[in-house]
Amino acid sequence: MTETGFIKSRHLDDKVSAAILLNLLRVYKEEGIELPVTTHFAFSVFEEVGHGANSNITSQVVEYLAVDMGAMGDDQQTDEYTVSICVKDASGPYHYDFRQHLVALAKEQDIPFKLDIYPFYGSDASAAMSAGAEVKHALLGAGIESSHSYERTHIDSVVATERMVDAYLKSALVD
């Protein structure tokens, strides 16, 4: 980590997401926080090969939030200081109401965010949809530069992403 708050490493897309989820689990346990709905956490590195974390989706699952990364690049809105909320990727659009719920939470809680489209990317959530899962699906993540290389993000993006995941987990998207 640099003095200016940048984090540089390999494989930050997996490391940052896992660290956020593990930290939230720790906080919830230590503070005795109960989430409003039954929540399952799954860790996968299989979205790159197209099947994602699909083997353990039970029929009771209603929403699938993939926490991955916001890929930075030409014509992208994502930056290293906000949480990226994905509108659509190579598989098509994400669930509109779910995305709107995330955007509303970000606005209510003053969490800096960017909406983006990733035409050459897929997530565990989009892989689940391709496999026939009947869930509302969404994707968000920290903005990360140079995916699959020596990557970089900023602590502000990590904090915004953790705040977004926490806000979502403590909320309930109801039909």
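In the block above lies the structure referred to throughout.
Definitions and limits used
- Residues numbered from 1 in each chain as written.
- Predicted model: local features only at pLDDT ≥ 70, side-chain atom pairs only at ≥ 80, totals over all residues.
- Heavy atoms only, no water.
- Phe/Tyr/Trp six-rings, centres within 6.5 Å; stacked < 30°, edge-to-face > 60°.
- Buried < 20%, exposed > 50% of the residue type's maximum accessible area, 1.4 Å probe, protein only.
- Core = buried A, V, L, I, M, F, W, Y, C linked by side-chain atoms within 4.5 Å.
- Helix = DSSP H or I, 4+ residues; strand = E, 2+ residues; numbered from the N terminus.
- Contact = heavy atoms within 4.5 Å.
- Axes fitted to C-alpha atoms, helices over the stretch in contact; angles between N-to-C directions.
- Parallel < 35°, antiparallel > 145°, perpendicular 65-115°, else oblique.
- Left-handed = near helix turned anticlockwise from the far one by under 90°.
- Nonpolar A, V, L, I, M, F, W, Y, C, P; charged D, E, K, R; others polar.

(A) Here's a closer look at the packing of aromatic side chains. In this structure the tally under the stated criterion is 3 aromatic pairs. Their ring planes at 70° and their centres at 5.8 Å tell us that Tyr118 and Tyr121 sit as a pair that is edge-to-face. Comparing Tyr118 with Tyr121, the two get one shared label, buried.

(B) Highlighting the nonpolar core. Counting 42 residues, the largest nonpolar core has Leu65, Leu102, Ile111, Leu140, Met164, Val165 and Tyr168 as its most contacted members. For this core, the secondary structure elements donating two or more residues are α1 (12-31), β2 (63-71), β3 (83-89), α2 (96-108), α3 (124-130), β6 (136-144) and α4 (155-169). Once you skip the residues sitting within four places of it in the chain, Leu102 turns out to touch Leu65, Ile85, Ala138, Leu140, Met164 and Tyr168.

(C) Representation of the packing of α1 against α4 in the model. Between α1 and α4, whose axes approach to 10 Å, the crossing angle comes to 50°. With respect to their mutual orientation, α1 and α4 come out oblique. Seen along the crossing, α1 lies across α4 with a hand that is right-handed. On α4, the residues touching Val16, Ile20, Leu21, Asn23, Leu24 and Tyr28 of α1 are Val158, Thr161, Glu162, Val165, Asp166 and Leu169. Of the residues contributing to the contact of α1 with α4, the split by class is 8 nonpolar, 2 polar and 2 charged.

(D) Just the packing of α2 against α4, in detail. Following both chains from N to C, one finds α2 and α4 inclined at 115°, their axes separated by 10 Å at the closest point. Relative to α4, the element α2 lies roughly perpendicular. The hand of the α2/α4 crossing is right-handed. Across the interface between the two elements, Phe98, His101, Leu102, Leu105 and Ala106 of α2 pack against Met164, Ala167 and Tyr168 of α4. Residue composition of the contact of α2 with α4, grouped by class: 7 nonpolar, 1 polar and no charged.

(E) Structural view of the environment of Val103. Residue placement: Val103 occurs in helix α2. Among the residues examined, Val103 registers a relative accessible area of 8% and is labelled buried. On a C-alpha basis, the gap between Val103 and Ile85 in space is 7.9 Å, while along the polypeptide they are 18 residues apart. Residues contacting Val103, with those up to four places away along its chain left out, are Ile85, Phe113 and Leu115.

On their own, these measurements won't tell you what the molecule is for.
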